[in-house]
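Each chain is listed here by its residues.
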Amino acid sequence: MQTIDARGAFCPGPLMELIAALKLSTIGDQIEILSTDKGSVADVPEWVAKVGHKMVGVTEKGDHWSIVVEKAK
Amino acid sequence: MAKNILIVGGGLAGTIVANGLCRQLAPQLRSGEVVITMLGTTETHMYQPGLLYVPFGRIREHELFRDQRKVLDRRVIFHVDPAKHIEVEKNQVSTEGGRTLKYDYLVLATGSRIMPQSIPGMAEGGHWFYDLEGARKMRDALAKFEGGKIIVNANAPHKCPVAPLEITFMLYDYLKAKNLLDKSEIIYTYPIGRLHALEPVALWAKPEFDKLGIKYETFFNTESVDPGAKTITSAEGVTLPYDLLVTIPPHQGAQVIVDSDLGKGGWVPTNTKTLHRDGSTNVFVCGDTTNIPISKAGSTAHFEADVLIDNLASLLTENRMARDYDGKVFCFIETGSSTGTYVWFNYTTPPNPGPPSQMVHWFKLAYNRLYWLSAKGLL
């Protein structure tokens, strides 16, 4: 599984990094994004639902969150 | 035996590194202990941010270009001979011209490129200003534009993160000056759920857009463009009609990075502080080429280059690294044709843009010329 360490990334930020990484992935690939931005916990699942990918999980890990998404289309 | 520093890429990142090393390592270059070689793809060096002004006739094309040999320090051996294959295990790079160059230290500064062809219909139906040919076509399309819907469409990933906002504000001012505002509508689309990646910039832009009547569609990642029907459709399932589509196409890194198996999409996995290529101790990465999750911008390349220069010079003269890159990024933001602001941040300091002013706009215009001092490593 590919991990993108976007902790402390202000620009372009965790969701933009995830979108870019998914473009280079194939269906079924899972990507983990690490984010210190609490907003990611809301905006990543919101976008994933809109576009039709699959949320695998969100885990709080102390000072950051691990968000795993599966490319579905 | 001379130590060979090879720089692949003659854009801003590679050029600053080359010129800075010449200053730091002057005695070693004079004695022949160090040799600096650059592989570029073209004889000319282009000031890429200047392309933003081309569609509006606000910069002359010749102002965008300099002879790369005149920008580079004379002590740099410069070949216009693109790298074809980079073999980090063998410490060598082969070129399209048939050269094979060995190195002791390698700097990868191969940059990024627009990929409109990666989205069906975008190349045929869209206009952009991220290369000269595209900027010329956009200028011609604007000259013929008599009113209608203009979509400004940003796609991930892209360099110069503020350019989508800048082009939108500049389009507004252009339409106003042409008395076309009453007959026109600007719709801005953005990949995530706000108007810009930087939250403070997004919070500032929203009321500005509302005040000017600029509409927006967020969570919009382009899936296809239908040039015949003049519509653009997002992966999120929204289709918008347009009369003029101004797009910031998605970007990828250089093909040679992909072909050399150095990074998916042409982005090289890079240590965020030392700028080493992951897994290498003598390969450094600079500018858009890294996979570091920060802005792909000229200022990023510049601040990274400054660190690389110090570290390479220290390695060669003191056998140690000098300092870490702190993630610094600085961007001017044109907020129209006569005002501007700026934003800076690093790994630990969040951005906090100030109110737009005419003074910052003038400084941005001055920087359009000061750029050449940056490239020469003097600023």
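**Points about the overall build of chain B**
- Scanning chain B from terminus to terminus reveals 10 helices and 21 strands.
- What you see for chain B is a C-alpha radius of gyration of 21 Å, in line with the 21 Å of a compact globule of 379 residues.
- Dimensions of chain B along its principal axes, counting C-alpha atoms only, are 70 × 40 × 40 Å.
- Here chain B, with 379 residues, has 49% of them falling under the buried criterion.
- For chain B, the share of sequence-separated contacts (at least 6 apart) that also reach a separation of at least 24 residues comes to 64%.

**Structural notes on the confidence of the model for chain B**
- The share of residues in chain B with pLDDT of 70 or more is 100%, and the mean pLDDT across the chain is 96.
- The ipTM for the predicted assembly is 0.95, set against a pTM of 0.95.

**Description of the sheet that holds strand β2 (residues 34–40) of chain B**
All names here are of chain B.
- Strand order across the open sheet formed by five strands is β5-β2-β1-β9-β19, with parallel pairing between neighbours. Of all strands in the sheet, those with a lone pairing partner are β5 (77–80) and β19 (283–285), marking the two edges. Adjacent strand axes in the sheet meet at a mean angle of 15 degrees when their direction is disregarded.
- Relative to β19, strand β9 (residues 105–108) runs parallel, the two sharing three bridges. For L108, the partnering residue across the bridge sits in β19 and is V285.

**Comments concerning the pairing of strand β1 (residues 2–5) of chain A**
Residues and elements named next belong to chain A.
- Bridge count between β1 and strand β2 (residues 30–35): four bridges; the pairing is parallel. Residue pairing in the sheet places Q2 in a bridge with I31 of β2.
- Handedness of the crossover joining β1 and β2 through helix α1 (residues 14–23) is recorded here as right-handed.

**Quick look at unusual backbone geometry**
- Put simply, C11 of chain A and P12 of chain A share a cis peptide bond, and its omega is 10 degrees.
- Assignment of secondary structure puts P12 of chain A in the loop between β1 and α1.
- Between A156 of chain B and the following residue, P157 of chain B, the backbone shows a cis peptide bond with an omega angle of -10 degrees.
- Its location among the elements puts P157 of chain B in the loop between β11 (148–154) and α6 (163–177).

**Considering the sheet that holds strand β13 (residues 215–217) of chain B**
Residues and elements named next belong to chain B.
- A sheet is described by the order of its strands in space; here four strands give the open sequence β13-β12-β11-β17, paired in parallel fashion. The open sheet terminates on both sides in strands that have one partner only, identified here as β13 and β17 (244–248). Averaged over all pairs of adjacent strands, the angle between strand axes in this sheet comes to 20 degrees, irrespective of strand direction.
- Judged from the three bridges that link them, strand β12 (residues 184–189) and β13 form a sheet pairing that is parallel.

**Details of the interface of chain B and chain A**
- Between chain B and chain A, the contact holds 24 residues from the first and 20 residues from the second.
- When the residues that make up the side of chain B that touches chain A are grouped by side-chain class, the tally is 17 nonpolar, five polar and two charged.

**Some details on the packing of helix α1 (residues 12–24) of chain B against helix α9 (residues 298–318) of chain B**
All names here are of chain B.
- For the pair α1 and α9, the least separation of the axes is 8 Å and the interaxial angle reads 30 degrees. Crossing geometry of α1 relative to α9 is assigned as right-handed. On α9, the residues touching L12, A13, I16, V17, G20, L21 and Q24 of α1 are G298, A301, H302, E304, A305, L308, I309, L312 and A313.
- The class makeup of the residues in the contact of α1 with α9 is 11 nonpolar, four polar and one charged.

Here is what the cut-offs are and how they apply
Residues numbered from 1 in each chain as written. Chains lettered and ligands numbered in written order. Predicted model: local features only at pLDDT ≥ 70, side-chain atom pairs only at ≥ 80, totals over all residues. Helix = DSSP H or I, 4+ residues; strand = E, 2+ residues; numbered from the N terminus. Rg over C-alpha atoms; globule rule 2.2 N^0.38 Å. Buried ≥ 20, exposed ≤ 12 C-beta atoms within 10 Å, placed from the backbone. Contact = placed C-beta atoms within 7 Å. pLDDT = per-residue confidence, 0-100. Pairing = 2+ DSSP bridges. Axes fitted to C-alpha atoms, helices over the stretch in contact; angles between N-to-C directions. Right-handed = clockwise from strand over helix to strand, strands pointing away. Nonpolar A, V, L, I, M, F, W, Y, C, P; charged D, E, K, R; others polar. Left-handed = near helix turned anticlockwise from the far one by under 90°.

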